[in-house]
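# Working through the structure, step by step
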Amino acid sequence: MTALRCLPAGDGAVLAELGSLAETLALFQALGARPAGVEDVIPAARTLLVPFDPAVLSARAVAAWLRRAASAVAAGSAGGLVTAGGVSGSPGAGLAKGPSGLPHAGPAAGGDPSGPSAGGLAAGAGRRVEIPVRYAGEDLEEVAGLLGLTRAELIERHTGTDYLAAFAGFAPGFVYLAGGDPCFHGVPRRAAPRVRVPAGSVAVAGDFSAVYPSDSPGGWQLLGATPWRMWDMDRAEPALVQPGFRVRFRDLDAPGAVWSLPASSGSAGAAALAALAGSAAAAAAAAPAPSREAADAPGPSTLPGLSKSSGLVDSSDPSAASAPVSALAAASAAAAEPAAACEVLDAGLQTLVQDEGRPGLTRLGVSRSGALDRGAMRRANRLVDNPPGLPVLEHALGGLRLVCRGRAVVAVTGATAPVVATSASGMRLPAAAGHPIELREGDELRIGRVRAGVRCYVAVRGGWAVRPVLGSCATDILAGLGPAPLRRGDRIPIGRLVPNRGGALDAPGGDAGDAADAPEASGAAAAPHAPHAPDAPEAPEAPEAAPPRAGERVFLDVIPGPRDDWFEAGALHRLLSQDWIVTPQSNRVGMRLAGAEPLVRSRAGELPSEGTVAGALQVPPSGQPVLFLADHPLTGGYPVIAVVPVGQLDRLAQVPVGAVLRFRRAPRPL
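Here is a short report on the structure shown in this document. (Residues numbered from 1 in each chain as written. Predicted model: local features only at pLDDT ≥ 70, side-chain atom pairs only at ≥ 80, totals over all residues. Heavy atoms only, no water.)

### Points about the overall build of the protein
Regarding its fold elements, the protein presents twelve helices and 37 strands. Taking all 670 residues of the protein together, the buried fraction comes to 53%. Contacts spanning at least 24 positions in sequence make up 73% of the contacts within the protein whose residues lie at least 6 apart. When the accessible surface of the protein is totalled, it reaches about 26500 Å², and 56% of it is carbon and sulfur. (Helix = DSSP H or I, 4+ residues; strand = E, 2+ residues; numbered from the N terminus. Buried < 20%, exposed > 50% of the residue type's maximum accessible area, 1.4 Å probe, protein only. Contact = heavy atoms within 4.5 Å. Areas by Shrake-Rupley, 256 points an atom, 1.4 Å probe, with all protein chains shown as cover.)

And the structure:
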């Protein structure tokens, strides 16, 4: 085994670099039980990214753990999945047979039907998926010419051997497939990436093949398309292919080809199959109403699982049970009939539901996501006596207006903005950011234009009862997971569970205080508003640090690496010595920065894909860095020159467009 190289990726992750994919997967499988504080292990082409909690574990301890495992692999105590010639094992190993005796997609006999565990690839070994392909891609002829093959020879070679699903990245359901015929190794990416690559496109680039799970930009060479959905939230396992699976491509146009749809892909898959087979009439006959997957994609649509008329959680939706649900998410969605709700009168520029995100799903290509300013989220929840990670509303730049249907206690934290509450009759009510605010039927909460910072966080006692997706209520705008952005007319249910002083969650009602506050049975009007004292926190929250304004200079520490050696000697100095302006091309994925002098690389060629972290300064060929935020891609192919420390990520959430960043060098932990 090549000598292991451990590089810092900020103060909360270590990047372990090896010599090949085979060595990377061998080390990944040999790691075994993780030390306390290790949050994940993300394999890629030649690296393992190990995020950890710096409050629990040091980078040196993580590196020592990795080196011990690498020494064990080198000594022969752990085996790899890939041989020097590609995927080990015969092409037909583990192939399941259908009732007709034809090969079909699905787990091999004796395979583990539950799929790979979060800890490694071994649990998925032996499962084999066959993917039918119509080989008519836009780049098919060009790639055939590049390889010196005819069209028929290219198809024969691409379908002739098994591939290993090596690692996930880029998007949910996007899996890098290693092995295959050696002629495809080293196929270059397109010089100019396409703005849109259709879902189901089968492509090659570098040493890998892959299938695009959704419409997205992309620079791989397109050979064809498959009707199979690589990512389908209606399946018990949303990802058709997961790391550790074996994959075989089959020519859809081969004589006598017969295929059965994967479980739960429904008539949408049948329509796609018919369309690829060239039968427009059959495709039209099989086409269903718009899929739930399309309806749930972020955009101007209602929140998944919510009813405009009732505001109830849709407990019948199968995606609600598609992954283990955290205790906090379960608490937020526990109400069968929420006691109250808030209706959106104006969502402003952007209002999303966020919580602590989706840790532990990187094997599916799913990043953590979650609230950008987690400190503000937790403060808002504490103000209303919630557990710190219950779902909140993350609202950008002001303009949010909510009307209460029932009774609620809310709190607003984060960016500096006026917070106003008015009764149904128009009377001004006591309200201020950083304090609990009591609302009754018809009361309106309004957040004015943000004066400093970017994002406000709105918590409600009991949590917003939004249906979890893969164990979280967070909206990931890059992956297209979670509730759609709020829009006018949406009703957001409020959880029926409320915290008590002991920290447990109790159902509301039946309390003497509640009875005393209720309107008289004779129909008398409700008592006038009074400050909410009985359940309010004993002491107000500590004041938040003042967020920055547009034009202000914001100082941030950066830790050099892991790929600062990919740049010219003066690049790190240029990063630290000049102003970087936050451009309007910024969002929850990352902040695009503009500086007078670009950062110039010293190495040509492409960096093999490797895991990324929030706070990473990734530098594309333009030399103008992108500072990754919570919805960053799981893996990336541009070098990262430095990383912002974990403790300063919340501040990034409040840096507005037009602010000026200045970076200060912090010591490397390795």
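### Notes on the sheet that holds strand β30 (residues 580-582)
Sheets are built from strands that pair by backbone hydrogen bonding, the pairs being arranged parallel or antiparallel. What the seven strands build is a closed barrel, ordered β29-β36-β33-β34-β31-β30-β37; its pairing is mixed. Taking the axes of each pair of neighbouring strands and ignoring which way they run, one obtains an average angle of 40° across the sheet. Of the strand pairs in this sheet, strand β29 (residues 553-560) and strand β37 (residues 660-665) are connected by six bridges, and their pairing is parallel. Within β37, the position partnered with V554 by the bridge is L661. (Pairing = 2+ DSSP bridges. Axes fitted to C-alpha atoms, helices over the stretch in contact; angles between N-to-C directions.)

### A closer look at helix α2 (residues 59-74)
Over its 16 residues, α2 extends 22 Å from the first C-alpha to the last, a length consistent with the 22 Å expected when each residue adds 1.5 Å. Where α2 is concerned, the buried positions are A59, V62, A63, W65, L66, A69, A70 and V73. With its buried residues spanning 160° around the axis, α2 presents them on a single face. Structural note: α2 exposes R60 and R68 on the side pointing more than 90 degrees away from its buried face. Next to the buried residues of α2 lie β1 (5-8), β2 (13-17), α1 (21-30) and β4 (47-51). Positive phi shows up at G76, right after α2, with a value of about 90°. (Expected span 1.5 Å × (residues − 1). Arc of directions from axis to C-beta.)

### Considering the environment of R157
With respect to the helices and strands, the residue R157 is situated in helix α4 (residues 151-158). The exposure class of R157 is partly exposed, given its relative accessible area of 36%. Along the primary structure R157 and G180 are separated by 23 residues, whereas in three dimensions their C-alpha atoms are 8.0 Å apart. Ignoring anything within four residues of it in the chain, the contact list for R157 reads L149, D181, C183 and F184.

### Considering α1
A large share of α1 lies buried, amounting to seven of its ten residues. Taken together, the buried positions of α1 are occupied by L21, E23, T24, L25, A26, L27 and F28. Residue S20 occupies the N-cap position of α1, its side-chain oxygen lying 3.5 Å from the main-chain nitrogen of A22. The first or second residue beyond α1 is G32, which carries a positive phi of 65°. (Polar contact = N/O pair within 3.5 Å; in protein donor to acceptor, adjacent residues only side chain to side chain.)

### Some details on the packing of α1 against α2
As a packed pair, α1 and α2 sit with axes 9 Å apart at the nearest point and diverge in direction by 110°. By the angle class used here, α1 and α2 are roughly perpendicular. Two packed elements cross with a definite hand, and for α1 against α2 that hand is right-handed. From α1, A26, L27 and A30 reach across to α2, where they touch L66, A69, A70 and V73. (Parallel < 35°, antiparallel > 145°, perpendicular 65-115°, else oblique. Left-handed = near helix turned anticlockwise from the far one by under 90°.)

### Thoughts on the sheet that holds strand β19 (residues 401-405)
The strand order β22-β21-β24-β19-β16-β26 describes an open sheet built from six strands, whose pairing is antiparallel. This sheet does not close on itself; its edge strands, each paired only once, are β22 (428-429) and β26 (491-494). Here five bridges tie strand β16 (residues 340-346) to β19, and the two strands are oriented antiparallel to one another. Paired with E343 across the strands is V403, a residue of β19.

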